[in-house]
Amino acid sequence: MRKIKVGLIQQSNTADIRVNLMNLAKSIEACAAHGAQLIVLQELHNSLYFCQTENTHLFDLAEPIPGPSTGFYSELAAANKVVLVASLFEKRAPGLYHNTAVVFDRDGSIAGKYRKMHIPDDPAYYEKFYFTPGDIGFEPIQTSLGKLGVLVCWDQWYPEAARLMALKGAELLIYPTAIGWESSDTDDEKARQLNAWIISQRAHAVANGLPVISVNRVGHESDPSGQTNGIQFWGNSFVAGPQGEFLAQAGNDCPENIVVEIDMERSENVRRWWPFLRDRRIDEYDGLTKRFLD
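The rules behind each value
Residues numbered from 1 in each chain as written. Predicted model: local features only at pLDDT ≥ 70, side-chain atom pairs only at ≥ 80, totals over all residues. Heavy atoms only, no water. Helix = DSSP H or I, 4+ residues; strand = E, 2+ residues; numbered from the N terminus. Buried < 20%, exposed > 50% of the residue type's maximum accessible area, 1.4 Å probe, protein only. Polar contact = N/O pair within 3.5 Å; in protein donor to acceptor, adjacent residues only side chain to side chain. Contact = heavy atoms within 4.5 Å. Expected span 1.5 Å × (residues − 1). Pairing = 2+ DSSP bridges. Axes fitted to C-alpha atoms, helices over the stretch in contact; angles between N-to-C directions. Left-handed = near helix turned anticlockwise from the far one by under 90°. Nonpolar A, V, L, I, M, F, W, Y, C, P; charged D, E, K, R; others polar.

Please provide a residue-by-residue account of the side chain of H45, values included.
Within the secondary structure, H45 sits in the loop between strand 2 (38-41) and helix 2 (68-80). By relative accessible area, which is 0% here, H45 ends up buried. At 2.8 Å, the side chain of H45 forms a polar contact with the backbone nitrogen of S87. When sequence neighbours within four positions are dropped, the list of residues in contact with H45 reads Q11, N13, N20, L24, Y73, A86, S87, L88 and R217.

Here it is, written out as structure tokens:
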């Protein structure tokens, strides 16, 4: 049977990028020491989540790919002999930036990258100010462990993105993420938001017959503008199997590393039992390419 061990690193970040990098390096080494072959980091893990405000000076956080951060993570992937999924603020050209996931293979080489396609613009999540939507499509990334369907955060809400990755042969769906609560929300509303986030991703697993890996940050990060009470990132990083079953789940208030085994052959059996891809009515889906069917 083909099985792989996956490491999830749910981290609480500080304003000191060097501290964040050193914490990530230690966690990567710890997951590898526990047998992880694939390690997934959270969204924009080098720094605080800077999109709570619109500030042109924060574009200075961006860097080219390849660049300093890809060099750092390349060395970690090679030293620990792991496939590593990182999430970086990419400077493509002056005034042109992306929210980009980079995948490193076990030899440290860059196996591929994915530029976030769906970009939110909500209070405390002003990502449209910083990121240009991706333009390299929904393309799985081939690695020595298999074909990875890497997406990023806001992409989690779009079944079209997961489906296109699955149709192109992705064997896993992977979501680096930064999402949490605003303190003025009621406890009931917070529970609804968290459950909706989990349900949506488990549904992608079920609909496509694929495991889903979702890695979120944790901890409170203040709003530099003072307009809100900041974000309490809700953690709850998890792995779901191809029927939506939980294989592992982190808590909502602490940094945590998880190593979990995934049976990569289970998807074949699940798709035989539930042949959703077989029964798709591709002759009737033209409307999906329209914004709205008036």
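Can you break down helix 4 (residues 187-208) residue by residue, with the values?
The end-to-end C-alpha separation of helix 4 is 32 Å, in line with the 32 Å expected for 22 residues at 1.5 Å each. Two residues or fewer after helix 4 comes G209, characterised by a positive phi angle close to 65 degrees.

I'd like a rundown of the sheet that holds strand 3 (residues 83-93), residues and numbers included.
Reading across the sheet, the six strands line up as 5-4-3-2-1-15 and stay open at both edges, with mixed pairing between neighbours. With one partner strand each, in any of the chains shown, strand 5 (110-115) and strand 15 (256-263) form the two edges of the open sheet. Averaged over all neighbouring strand pairs, the angle between strand axes comes to 30 degrees, with direction disregarded. Note: strand 3 against strand 4 (residues 96-104), nine bridges, orientation antiparallel. When the sheet's bridge partners are listed, A93 is paired in strand 4 with L96.

Can you explain the packing of helix 3 (residues 159-167) against helix 4? Please cite residues and give values.
It is at 10 Å that the axes of helix 3 and helix 4 come closest, and there the two elements cross at 35 degrees. Between helix 3 and helix 4 lies a crossing whose hand is right-handed. From helix 3, P159, A162, R163 and A166 reach across to helix 4, where they touch H204, A207 and N208. In terms of residue class, the contact of helix 3 with helix 4 is built from four nonpolar, two polar and one charged.

Kindly report on the sheet that holds strand 10 (residues 212-216), identifying the contributing residues and their values.
Spatially, the six strands line up as an open sheet ordered 6-7-8-10-13-14, and their pairing is mixed. Each edge of the open sheet carries a strand with a single partner, namely strand 6 (141-143) and strand 14 (246-249). On average, each strand axis in the sheet is tilted by 20 degrees relative to the strand beside it, whichever way the strands run. Looking at chain direction, strand 13 (residues 238-240) and strand 14 are connected through three bridges and run antiparallel. In the strand pairing of strand 14, A240 is matched with F246. Of the strands in this sheet, strand 8 (172-177), strand 10, strand 13 and strand 14 are in contact with helix 4, which crosses strand 10 at around 160 degrees.

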